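# Notes for the structure review
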Amino acid sequence: MISKEVIEQVKARVDILEIISDYVNLKKAGQNYRGLSPFNQERSPSFYVVPNKNFFKDFSSGKGGDAIAFLMELEGLSYMEAIKQLGKKYGIEIVEDEEQTDEELQAQNERDSLYIVMNYATSYYKETLYSEEGQAIGLSYFKERKFTDHTIESFELGYSTDAWDGLLKSAEAKGYQLPILEKAGLLIRKSKENADDRLYDRFRGRVIFPVHHVNGRVIAFGARILKKNADPNFHQPKYINSPETLIYHKSDVLYGMYQAKSYVRQFDNCFLVEGYTDVISMHQAGIKNVVASSGTSLTPEQIRLIKRFTENVTVLFDGDAAGIKASLRGIDLILEGGLNVKAVTLPEGEDPDSLSRKYDADGLREFLENNQQDFITFKTSIYTRDAKDDPIRRAETIREVVASIAKIPDPIKRQVYTKECSVLLGIDEATLIAEQNRIHLKERQQTQRYPQEEEIFLEDEEPLRELEKQPDVNDKIALQERESIRLLISYGFNEIEESYRLHDYLLEELNEVELETPIYRKILSIFKEKLSEGRVIDAEYLITHCEPDVQQEIINLEAMAERYKISENWESHYKIFVPHETDLLHQVVYTNILRLKFRMIEKLIKGNQADMMGTKDEAELETHQKIHMALKKSQMEIASQLGTVVS
């Protein structure tokens, strides 16, 4: 286990904005930051980071917490794994108090074990690149492609020898467990069904391209064969890749994103190419905001990964028309993911790798800027090239382009592109909109046999359906209890009168009532305990030091307050003064306590009325009537102070 002192050291060093910015494209919103949820696909940003209170809140998924909770949620890490990852990032030595057994290590840290062997394999392949065989075959291949030593090091390129057990013997000699190497996909058996079959290296006689997670750790390898096989009847694939493992899911990963992410954010654009060498060559040529799908079809998960850093994608296509048509589905997926798409068709016979060796950085960037097209112009040019004067093929072209526009979730963008399409293809907008509606209707019928009422959302608002719910008295009490806790945590140390702090008043009042909601009782108890030690705690303390249920509740309270804060522009720009809560604090706290008491009396009245209905004894009935009158009198007194009418 990691000591509490080390955990506190990591927590104190962590910058939540720095951590989350590696995953989410954040934009400043007042004192806070805002972006699209990394957990859900959404159109309007509902993900908030509050740096001064050290937490995030995602309203689309309900998730929230500190930087540790963020990594646990997004990467599926355990608490200790997240602490280790942050410790490594900030150069804090993580020492575990007690050595774990092999069984505990396998049960609790299999993921760590996989990272360890992948790290070792990376070092092994890098060293092998400079062996006699590696230099003659692997290094010479990289030099032929004009990869510099710096590029080779940056992408951690390597080489695997032609031996069947080069990595196996080296790893075994270093004490690494073969079952973990097999689980990592580094070793393979002739037959998966036969556990007695001999293990051997998966990658042999190939140059190695490590695949990095967005946080920089190697999670897989791609490997390209260079030698021609002497036996013409024996075919080996040009590229082989690591299998799916506990730490590698190919649909979630884009090659080069670790090296590209800061540049993608800087240029607010991501170039998308096909292969490893395309990425490396463009990166070396100065176009560093480039990633690859590594020869696989683009996935929604990969699109969400891009969306963390930018909403703009430029896809590079080779000049082959047949290949372009086969790849157009990727553009539709990108549009469906809410990103803006442009495309560049390279000259015939060129690919990003070869083109990168023809231009310097400025020349290559100029070429890409001059040759990029929006997706409508691009897609239209591809299909009309074949259609010519054939009316049937022309109709197919129109349907293909409209089908892409229909994928766009933003209605305003759809309208803009529809207008552009109308001009480009000479078709009136009404016809194009009708075709889009037909597509949407058909998709809805396919996915949903029986139409259901759709929830209506306003930007930055809760679902209207939620607003229309009529809470019962227990909900109303919980609401006022929540407000009491919020005020206590947010303003506990504020003076409401000379030498009389808000927590003095609130605690006196709350001592007269028993909070009904368990989580609020728990928070109140923690507050009182720390106050008895001479400390008035705040939200940051509760988020950092308390149990997950307390953390989550405080984050929800703080996030809602931050989300609905009045913009500073109201006063500075519009000259509209809106009183801050602190200006009216005494009144706010007093009113809240009155409302809490009012709701509790309301509940007592309903309970007493139920008892009255259930008794036939005249003496009991008279007692209940007296109780009812006393409760009603108290309720009326509070109502008069609140300025409300009670029936």
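Residues numbered from 1 in each chain as written. Predicted model: local features only at pLDDT ≥ 70, side-chain atom pairs only at ≥ 80, totals over all residues. Heavy atoms only, no water.

Now for the side chain of Gln 302. Note on placement: Gln 302 falls in helix α12 (residues 300–307). At 3.4 Å, the side chain of Gln 302 and the backbone oxygen of Lys 250 are in polar contact. Leave out the neighbours within four places in its chain, and Gln 302 touches Lys 250, Ser 251, Asp 252, Val 253, Leu 254, Ser 293, Thr 296 and Ser 297. (Helix = DSSP H or I, 4+ residues; strand = E, 2+ residues; numbered from the N terminus. Polar contact = N/O pair within 3.5 Å; in protein donor to acceptor, adjacent residues only side chain to side chain. Contact = heavy atoms within 4.5 Å.)

The next subject is the packing of helix α21 (residues 473–491) against helix α22 (residues 502–510). Here α21 crosses α22 at 155 degrees, and the two axes come no closer than 9 Å. Classified by the angle between their axes, α21 and α22 sit roughly antiparallel to one another. The two elements α21 and α22 cross, and the hand of that crossing is left-handed. On α22, the residues touching Ser 484, Leu 487, Leu 488 and Tyr 491 of α21 are Leu 502, His 503, Leu 506, Leu 507 and Leu 510. Each residue belonging to the contact of α21 with α22 can be placed in one class, and the counts come to seven nonpolar, two polar and no charged. (Axes fitted to C-alpha atoms, helices over the stretch in contact; angles between N-to-C directions. Parallel < 35°, antiparallel > 145°, perpendicular 65-115°, else oblique. Left-handed = near helix turned anticlockwise from the far one by under 90°. Nonpolar A, V, L, I, M, F, W, Y, C, P; charged D, E, K, R; others polar.)

With that out of the way, let us pick up helix α3 (residues 67–75). Buried residues dominate α3, accounting for seven of its nine residues. When α3 is considered as a whole, its buried residues turn out to be Ala 67, Ile 68, Ala 69, Phe 70, Leu 71, Leu 74 and Glu 75. At the N-terminal end of α3, a side-chain oxygen is found 3.2 Å from the backbone nitrogen of Ile 68, two or three residues along, and the residue is Asp 66. Two residues or fewer past α3, Gly 76 is found with a positive phi of approximately 70 degrees. (Buried < 20%, exposed > 50% of the residue type's maximum accessible area, 1.4 Å probe, protein only.)

Time to look at helix α4 (residues 79–89). Given 3.6 residues to a turn, an α-helix orients residues that are three or four positions apart in the same direction. Turning to α4, its buried residues are Glu 81, Ala 82, Ile 83, Lys 84, Gln 85, Leu 86 and Gly 87. Trailing α4 by a residue or two, Gly 91 shows a phi angle of about 70 degrees, which is positive.

With that settled, consider the environment of Lys 146. Structurally, Lys 146 can be placed in the loop between α6 (132–144) and α7 (149–154). Considering only alpha carbons, one finds Lys 146 and Ser 281, 135 residues apart in sequence, at a separation of 8.4 Å.

Attention shifts here to the confidence of the model for the protein chain. Do not read the predicted coordinates in detail wherever pLDDT is low. Put simply, the protein chain has an average pLDDT of 82, and 85% of its residues get 70 or more. Least confident of the elements in the protein chain is helix α20 (residues 464–468), whose mean pLDDT is 38; most confident is strand β6 (residues 158–160), at 97. In the predicted structure, residues 449–469 sits below a pLDDT of 50 and forms 23 contacts with residues beyond four places in sequence or in another chain. (pLDDT = per-residue confidence, 0-100.)

Before going further, it helps to examine the packing of aromatic side chains. All told, the structure shown has 24 aromatic pairs when counted by the stated rule. Consider the rings of Tyr 125 and Phe 221, whose centres lie 5.3 Å apart with planes at 85 degrees: the pair is edge-to-face. Highlighted residues: Tyr 125 in helix α5 (residues 102–128) and Phe 221 in strand β10 (residues 218–225), separated in sequence by 96 residues. Ring centres of Phe 203 and Phe 221 lie 6.2 Å apart, and the angle between their planes is 75 degrees; this geometry places the pair in the edge-to-face category. Of this pair, Phe 203 sits in the loop between β8 (199–201) and β9 (206–212) while Phe 221 sits in strand β10; the two residues are 18 residues apart in sequence, bridging distant segments of the chain. Phe 221 carries the same exposure label as Phe 203, and that label is buried. Three or more aromatic residues joined by ring pairs form one cluster here, namely Tyr 141, Phe 142, Phe 147, Phe 155, Phe 209, Tyr 239, Tyr 255 and Tyr 276. The ring of Phe 39 carries Lys 63 above its face, with NZ or CZ at 5.5 Å from the centroid. (Phe/Tyr/Trp six-rings, centres within 6.5 Å; stacked < 30°, edge-to-face > 60°. Lys NZ or Arg CZ within 6 Å of the ring centre and 35° of its normal.)

Before going further, it helps to spend a moment on the packing of α22 against helix α27 (residues 585–613). Put simply, α22 and α27 touch, their axes get as near as 11 Å, and they point 10 degrees apart. The angle between the axes of α22 and α27 places the two elements in the roughly parallel class. Here Leu 502, Tyr 505, Leu 506, Glu 509 and Leu 510 of α22 come into contact with α27, specifically with Leu 585, Val 589, Tyr 590, Ile 593, Leu 596 and Lys 597. Classifying every residue of the contact of α22 with α27 by side-chain character gives nine nonpolar, no polar and two charged.

Take the pattern of salt bridges next. Within the structure shown, the criterion is met by 27 salt bridges. Notably, a salt bridge pairs Arg 189 with Glu 182, separated by 3.1 Å at the nearest N-O pair. We note a salt bridge from Lys 522 to Glu 547, for which the minimum N-O separation is 2.6 Å. Of the two residues, Lys 522 sits in helix α23 (residues 518–532) while Glu 547 sits in the loop between α24 (539–545) and α25 (548–563), which places them 25 residues apart along the sequence. Using a relative accessible area of 48% as the deciding quantity, one classes Glu 547 as partly exposed. Among the charged side chains, a network of salt bridges with common partners joins Asp 22, Lys 89 and Lys 261. (Salt bridge = Lys/Arg side-chain N within 4 Å of Asp/Glu carboxyl O.)

Moving on, we get to the sheet that holds strand β11 (residues 239–241). Sheets are built from strands paired through backbone hydrogen bonds, the pairs being either parallel or antiparallel. An order of β6-β9-β10-β11 is seen for the four strands of this open sheet, with the pairing classed as antiparallel. In this open sheet, the two strands that pair with only one neighbour each are β6 and β11. Sheet twist, expressed as the mean angle between neighbouring strand axes with direction ignored, is 35 degrees. Where β9 lies against β10, seven bridges are found, and the strand directions are antiparallel. Considered in β10, the bridge of His 212 is made with Val 218. (Pairing = 2+ DSSP bridges.)

Of note, Phe 209 is situated in strand β9. The class of Phe 209 is buried, set by a relative accessible area of 0%. Along the chain, Phe 209 and Gly 158 lie 51 residues apart, while their C-alpha atoms are 6.8 Å from each other. Each residue touching Phe 209, except ones within four places of it in the same chain, is listed here: Phe 142, Leu 157, Ala 220, Phe 221, Gly 222, Arg 224, Tyr 239, Tyr 255, Tyr 276, Thr 277 and Ile 280.

The subject of this paragraph is the sheet that holds strand β13 (residues 290–292). Read from one edge to the other, the open sheet built from five strands follows the order β13-β12-β14-β15-β16, with strand pairing classed as mixed. A single partner strand is all that each edge strand has here, and the edge strands are β13 and β16 (372–374). This sheet shows a mean twist of 30 degrees between the axes of neighbouring strands, independent of strand direction. Running over the sheet, helix α15 (residues 361–371) touches β12 (270–273), β14 (312–317), β15 (340–345) and β16 and is turned about 30 degrees from β16.

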